[in-house]
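Read off the chains here:
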Amino acid sequence: MVMENWPKEVAGDSRGKAVGGSMELGMTRGVVVTMDPQNNNKNSIMISRSLSQEVKFKPLRNGQTARLVLALVMSTLVMMVAVSRLTLLVVPWSSSSPTEQPLHRVLSNHLNPSVLKQTTAASTGDDTVKNHLSSSTELKLIPKLPVTTRPAQLAESSSSVEKACMSRSQQQMYRGSAHQFPRSVLLDHALEKYTKMHSQCALLLDDGNDTSVQVKKGCQYVVYLEGYEGLGNRLLSLVSAFAYAMVTHRALVIDARRGHLAQLLCEPFHNSSWLLPPQFADAVWGASTLEDAMRWNFQNVTSVRINLRHKQTEADQTFFCPATQKGVGNITWIWWESNQYYVPRLFMIPDFWSLLSSWFPDPSLVFTQLTRFLCLPQNHIWAQIKRIRAAYLASSMIQVGLQVRRHANADNATLVPLVHELIMNCSLKHHVLPKLVLPVMQQQKEQQLALGNQPVAEMSVGSSSSSSSWTTTRSVAVLVTSLHIQYYEKLRNLYVEHGTEDGTVVSVHMMSHEGVENESYEQAVKALTEIWLLSFSNKLTTTSWSTFGYVAQGLGGLQPIILNFFTIDAQHETRPACFLGQSSDPCLHYPFVKPSKCAKVNMSRQHSKWITTHIRPCQDEVNGLQLCSGGN
C-alpha cells in the first residue's frame, strides 16, 4: 500500500506532516495515521487513537470503500514478529463512551474471545500496548463493533438533577482553594447511604391521596417545623435537625405549611422529596409532648413534639441526654421545633460522638460541609446571586463582607456615631479595610502625584508592614448587609471623599435595606442572597450574637472579625469591642447543660478529652457552646 492511495477522507487532511521521524498522513477526530520511513515495509502503517475524540468516517466514493476496509483490517490484524520495530494496532473509539478506558479493556470488549489463543496481560498505559500479544495470537475482528455507552436513563437523570439545582455543582467555582473544604471519605459515604435510605423511606410520603399515616417498616422521621425568627435562626435549626436525622438514621422532612424554606432551597435528596404532604402533617399533628412521653415511659407513643427553642420545659431540656435518646429511639415521628444550633450537644452524646467525629475530622467545619449539601438556593435565586456578584463584586481583587446588626435597640434607623467609629476602628485594626488618607496627607500626596513623584505606601490591604506604590491598581469591593442604609452611606462617602494610603480603590455596595425584619418571602429571598454573597468574601466582619452572620461565616468557612456593639448598648460589658472569631462554626446560645439535666453519663476518657479540646464557650456568649478545630 502506498501513501498516494490512502483516501483523504480517512486522514481528514490531505497534507502530510512529519511526526517524530514518521510521516503523518492525516488526522481524523479519533485516529492519527503515520508511516515509519525507516521501515522498508510500505504496508506497515501505525494508527494510534486520540485521547478524547471518536473516529468519524465520511462517506467514500467509487472504489475507496473496499480499499479503506482492507487497509483497516490489515492495519489491525497483522502482527509483526518480535524483532520488528512497529506493532500494528487499531483501537476503535467512540465519544459515546462516558470515560476513557484502558486499552487492554477496550481490546477485550471488542475482540472475540473464542479465537484468542493467548490472553492479554494488563495494560500499563492508555496510549500504547507493549508485549501483550505474541506473534502466534490470532485476532478476529467483530464485524460490527459494540459501542459502550452510559445508560440513557442514568445520563438523563444525572443531567436533570444538576439542572434542577445549579448551585450544587457551581458553588465551588466562586470559592478560593483555601475555602473549598472537601468532605471526608466517611462523610461522603454517610451522605450517600443516607440519601438512599431517604429515597426508600420517602416513597410512601409521595402518595398524596391517602390520608392515613402508614410508613414503611423500619422507617423513622424527623419533621422540621420552621420557626418564626429570621432566616439565620431557621437555617441553623434546619442543619441541626439534619445532623440529628443522619446520626439517628431518620428521614428528614419539612412541614412546608409555614415559612419559606421549601420555596428557597433545592430538594437536597436525589429521587425523593423532603416535603411532608399536608394530609400527613394533619394526621400526625397531635403529637405527644416529650414530658408526656416520658411519663408514659415511651410506651404506645408514635409521635413526639420536641421544643428546642431558647425557652424550654424541664423535660425538653433532657432531650440530649443519653437516657432520653434511648427512649425516643423507637418513636416513628419526632417533630423538631427550634431556633438554635444544637450540633454541639450532639457531639456530647457518647453514641453519637463516635459517628460524628469520624465524619468530621475538623469539627469547626460541620456547619460548612452540611450547609453546602443541604441549604442550596433554588435556580432563580442562584441566578440572582451570580448576577449581583458579576456586576459589583467579581472584578475586585478582594471582596470584603460587612454585616451590621444591632440587637435590643429601639431606634435602629438613626446612625449612631459611636457605632460607625467602632466599625471603622475594628476594620482598620484587623486590616479588613485599607487606611484612609488624612486631609493634610491627601493634599500632599495629590501635589506629589501632580509633580510626577510616586509616594511610598505606608500600609497595604491585609498587611501591617508591607509597602506598595501610590499608583498600585489594587481594588476592594465591600458588601454591606444591614437593615439600615445609614451604615452603607457613611462608609461609601468616606472612601469617595478620601483616598487610601496605598492607592487602593474601594467600592462599597449594598443590596437591600429593609428597615425592619418581617416574614415575607421577598425579604427571605434577599436575606438568602446576601448570606451567600457574604460567604464568598475573602474577609468577613460580622456582628456578635447575629445568627445571620453565623450562617454566612459557616457557609463560607470563614473566621470573622466580630463586632461587639454591646460595648455601646449595654452596661458593664467587659469583652473587647471587636475580636477574631475562634471558629467558623456557629454558636449555640442556649445549650442547657448547666446545671446538668442528665443522669450520670458513662463517657470514655477519650470522649471527655475530645470535648475539652473541641467544644469551647462562645466568644460572644459566655454560656454558649461552639465547635472548634482544637488549634490555638
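Going by the structure above, here's the rest.
Residues numbered from 1 in each chain as written. Predicted model: local features only at pLDDT ≥ 70, side-chain atom pairs only at ≥ 80, totals over all residues. Heavy atoms only, no water.

Caption draft 1: Region of interest: the packing of helix 14 (residues 366–374) against helix 20 (residues 547–556). Contact geometry of helix 14 with helix 20 gives a least axis separation of 7 Å together with a crossing angle of 85 degrees. On the basis of the axis angle, helix 14 is roughly perpendicular to helix 20. Here Phe367, Thr368, Thr371 and Arg372 of helix 14 lie close against helix 20, whose contacting residues are Tyr550, Val551, Gly554, Leu555 and Gly556. Residues belonging to the contact of helix 14 with helix 20 are distributed by class as follows: 4 nonpolar, 4 polar and 1 charged. (Axes fitted to C-alpha atoms, helices over the stretch in contact; angles between N-to-C directions. Helix = DSSP H or I, 4+ residues; strand = E, 2+ residues; numbered from the N terminus. Parallel < 35°, antiparallel > 145°, perpendicular 65-115°, else oblique. Contact = heavy atoms within 4.5 Å. Nonpolar A, V, L, I, M, F, W, Y, C, P; charged D, E, K, R; others polar.)

Caption draft 2: A look at the nonpolar core. Counting residues in each nonpolar core, the largest one holds 106 residues, and the members touching the most others are Leu238, Phe242, Leu252, Phe347 and Leu374. With 12 residues, helix 7 (residues 231–248) is the largest single contributor of residues to this core. Leave out the neighbours within four places in its chain, and Phe347 touches Trp353, Leu356, Ser357, Phe360, Val366, His607, Trp610, Ile615 and Leu627. Counting residues in each nonpolar core, the second largest holds 27 residues, with Leu422, Ile423, Cys426 and Val478 among its members. (Core = buried A, V, L, I, M, F, W, Y, C linked by side-chain atoms within 4.5 Å. Buried < 20%, exposed > 50% of the residue type's maximum accessible area, 1.4 Å probe, protein only.)

Caption draft 3: A look at helix 13 (residues 350–359). All buried positions along helix 13 are accounted for by Phe352, Trp353, Leu356, Ser357 and Trp359. An end-on view of helix 13 places all buried positions within 150 degrees of arc, on one side of the element. The secondary structure elements touched by the buried residues of helix 13 are helix 6 (185–202), helix 7, helix 11 (322–328), helix 12 (343–346) and helix 22 (605–614). (Arc of directions from axis to C-beta.)

Caption draft 4: Spatial organisation of the pattern of salt bridges. With the rule as written, the count across this model stands at 12 salt bridges. Residues Arg258 and Glu337 are paired through a salt bridge, measuring 3.1 Å at the closest nitrogen-oxygen approach. Residue Arg258 is located in the loop between strand 6 (251–255) and helix 8 (261–264), and its partner Glu337 is located in strand 9 (residues 333–338); the two are separated by 79 residues in the primary sequence. Each member of the pair, Arg258 together with Glu337, is buried. (Salt bridge = Lys/Arg side-chain N within 4 Å of Asp/Glu carboxyl O.)

Caption draft 5: Spotlight on the packing of helix 15 (residues 379–393) against helix 19 (residues 521–535). At a minimum axis distance of 10 Å, the contact between helix 15 and helix 19 shows a crossing angle of 55 degrees. As the angle between them shows, helix 15 and helix 19 are arranged oblique. Between helix 15 and helix 19 lies a crossing whose hand is right-handed. On helix 19, the residues that touch His380, Ile381, Trp382, Gln384, Ile385, Ile388, Arg389 and Leu393 of helix 15 are Tyr521, Val525, Leu528, Thr529, Trp532 and Leu533. (Left-handed = near helix turned anticlockwise from the far one by under 90°.)

Caption draft 6: Inspection of the sheet that holds strand 18 (residues 625–627) at higher detail. As summarised here, the arrangement of the 3 strands in space is 16-18-17, forming an open sheet in which the pairing is antiparallel. On the outer flanks of this sheet lie strand 16 (587–588) and strand 17 (615–617), each paired with one strand and no other. Most of the contacts of helix 22 go to strand 17, to which it runs at about 45 degrees, and overall it touches strand 17 and strand 18. (Pairing = 2+ DSSP bridges.)

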